[in-house]
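# What the coordinates show
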Amino acid sequence: VSFVTADFTITAAALTVTELTGDNKVYDGTTDATSSGTPTLEGVELGDDVVLGVTPVFTFVSANVGTGITISTTGYTISGTDAGNYTLTQPTLSANITAAPLSVSGITGDNKVYDGTTDATASGTPILSGVVSDDDVVLGGTPIFTFASAELGTDIQITTTGFIITGTDSGNYTL
């Protein structure tokens, strides 16, 4: 009688973290990301002692405005007496980064004598507010100021059109 022996290898089972969703954010110039939900460890065999350690760091792969941007995750760990039988795959999430709003300040509407039109003017130096430090965004264009009414009155609202933003990072903003 002869016996044949063979060497077999048992590899660690893969675990995943589920029940998380990437959070959308407004552009802030960073790749910092967050998530919502309660992380759940999936794939542990019944009766095994494996515990999920929760100190994650979430990072967008790009800081720029976009939809469905991948969020990488680090920092989840596993422990427990049976943890050595498993490997942990960090979750990959996605979310949107939306454009940050900018505003123009530093100008004041000018009073005028009635002339039957809604044409308006403004004084001052326009200042662009809300740009993230070191971003290349420039205020330009030819502003047009318009009274809401051509009738006599006080504190008549003036709307402004014609300002534009340009620069390498202008796509991350709305004006």
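Let me sum up the structure you'll find in this document. (Residues numbered from 1 in each chain as written. Predicted model: local features only at pLDDT ≥ 70, side-chain atom pairs only at ≥ 80, totals over all residues. Heavy atoms only, no water.)

## Structural notes on the overall build of the protein
Quick note on the threshold: Working definition: helices are DSSP H or I runs of at least four residues, strands are E runs of at least two. Numbering for both runs from the N terminus. Each radius of gyration reported is based on C-alpha atoms, and the globular scaling rule is 2.2 Å times the count of residues to the power 0.38. Relative accessibility thresholds used throughout: buried, under 20% of the residue-type maximum; exposed, over 50%; partly exposed, between the two (1.4 Å probe, protein chains only). Throughout, a residue-residue contact means that at least one pair of heavy atoms, one from each residue, lies within 4.5 Å. Exposure was quantified through the Shrake-Rupley algorithm and a 1.4 Å probe, taking into account, for residues, occlusion by the shown protein chains and nothing else.
Across its full length, the protein holds 0 helices and 15 strands. Rg of the C-alpha trace for the protein: 29 Å, well past the compact-globule value of 16 Å for 175 residues, more than 25% over. With 175 residues in all, the protein has 22% of them scored as buried. For the protein, the proportion of contacts with a sequence separation of at least 24, taken over those separated by at least 6, is 61%. Working note: accessible area of the protein is about 11000 Å², and carbon and sulfur atoms make up 52% of it.

## A few points about the side chain of Asp135
Condition: For the purpose of counting charges, residues Lys and Arg are taken to be positive, whereas Asp and Glu are taken to be negative. His and the chain ends are not included. Criterion for a salt bridge: a side-chain nitrogen of Lys or Arg within 4 Å of a carboxyl oxygen of Asp or Glu.
Looking at the secondary structure, you find Asp135 in the loop between strand S12 (122-129) and strand S13 (138-147). Look at Asp135: it is buried, it has no salt bridge, and the nearest opposite charge is Lys25 at 11 Å. Excluding anything up to four places from it in sequence, Asp135 contacts Tyr27, Asp169 and Tyr173.

## Structural notes on the nonpolar core
Where we set the bar: Only buried Ala, Val, Leu, Ile, Met, Phe, Trp, Tyr and Cys residues count toward a nonpolar core, and they belong to the same one when joined by side-chain atoms within 4.5 Å.
Core analysis: the largest hydrophobic core is formed by 22 residues, its most contacted members being Leu20, Phe58, Phe60, Ile71, Tyr76 and Tyr173. Secondary structure elements with two or more residues in this core: strand S1 (13-22), strand S5 (51-60), strand S6 (66-79) and strand S8 (93-98). Discounting chain neighbours no more than four positions away, the residues touching Tyr76 are Val17, Leu20, Pro39, Leu52, Gly53, Val54, Pro56, Phe58, Leu88, Gln90 and Pro91.

## Considerations on the sheet that holds strand S11 (residues 119-120)
In plain terms, the rule: Pairing between strands is defined by DSSP: at least two bridges between them are needed.
If you walk across this open sheet you meet the 3 strands as S11-S13-S14, and the pairing is antiparallel. Pairing within the sheet leaves two strands with one partner each, and these edge strands are S11 and strand S14 (158-166). Pairing geometry for S11 and S13, over 2 bridges, is antiparallel. Among the inter-strand pairings, Asp119 is bridged to a residue of S13, identified as Thr146.

## A closer look at the sheet that holds strand S2 (residues 25-26)
Taken in spatial order, the 5 strands make up an open sheet running S2-S8-S6-S5-S3, and their pairing is mixed. Each of the sheet's edge strands pairs with one partner strand only, and the pair in question is S2 and strand S3 (32-33). As paired elements, S2 and S8 share 2 bridges and run parallel to each other. The residue of S8 that forms the bridge with Val26 is Thr98.

## Some remarks on the environment of Glu151
Along the polypeptide, Glu151 turns up in the loop between S13 and S14. Exposure remark for Glu151: the relative accessible area of 54% places this residue in the exposed category.

## Quick notes on the pattern of salt bridges
Scanning the model with the defined rule gives 2 salt bridges in all. For Lys25, the salt bridge goes to Asp28, with nearest N and O atoms at 2.8 Å. Taking the relative accessible area as the measure of exposure, Lys25 reaches 15% and is therefore buried. Measuring nitrogen to oxygen at the nearest pair gives 2.8 Å for the salt bridge that ties Asp115 to Lys112. The partly exposed category is assigned to Lys112, whose relative accessible area is 35%.

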